[in-house]
Amino acid sequence: MVDWGAFLLVAAVSIGATALIVSLFATGLRLLAVTSPRGLALAGASACFTVAGAAVLFGVWLLIPAFHA
């Protein structure tokens, strides 16, 4: 028997997390395209890329059981 509530919860969280990571990466790219003030935009872009990269690495860590041992 399929627990449809749990299935929908996993699907919603997956779609939401994907949208958040892609949005952070796109925001980082957009901040890199800003011409001025360069220092603040570069810091914001670096922060966006760092958070997006950390989220991806955390997802990989969750998927690979050998990392949990």
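These notes cover the structure that comes with them. (Residues numbered from 1 in each chain as written. Predicted model: local features only at pLDDT ≥ 70, side-chain atom pairs only at ≥ 80, totals over all residues. Heavy atoms only, no water.)

### Looking at the packing of helix α1 (residues 4–33) against helix α2 (residues 38–63)
Defined as follows: Note on method: axes are straight lines fitted to C-alpha atoms, helices fitted across the in-contact stretch only, with angles between N-to-C directions ranging 0 to 180 degrees. Helix and strand assignments follow DSSP, with helices taken as H or I runs no shorter than four residues and strands as E runs no shorter than two, numbered in order from the N terminus. Convention used here: angles under 35 degrees read as roughly parallel, angles over 145 as roughly antiparallel, angles from 65 to 115 as roughly perpendicular, and any remaining angle as oblique. A crossing counts as left-handed when the near helix is turned anticlockwise from the far one by less than a right angle, and as right-handed when that turn is clockwise. Note on contacts: a residue pair qualifies if any of its non-hydrogen atoms lie within 4.5 Å across the two residues. Following the grouping adopted for this structure description, the nonpolar residues are Ala, Val, Leu, Ile, Met, Phe, Trp, Tyr, Cys and Pro, the charged ones are Asp, Glu, Lys and Arg, and the polar ones are all others, Gly among them.
Direction vectors running N to C along α1 and α2 enclose 155 degrees, while the axes themselves pass 8 Å from each other. On the basis of the axis angle, α1 is roughly antiparallel to α2. As α1 runs across α2, the sense of the crossing is left-handed. Touching Ile21, Leu24, Phe25, Thr27, Gly28, Leu29, Leu31 and Leu32 of α1 are Arg38, Ala41, Leu42, Gly44, Ala45, Cys48, Phe49, Val51, Ala52, Ala55 and Val56, all from α2. Here the residues of the contact of α1 with α2 sort into 15 nonpolar, 3 polar and 1 charged.

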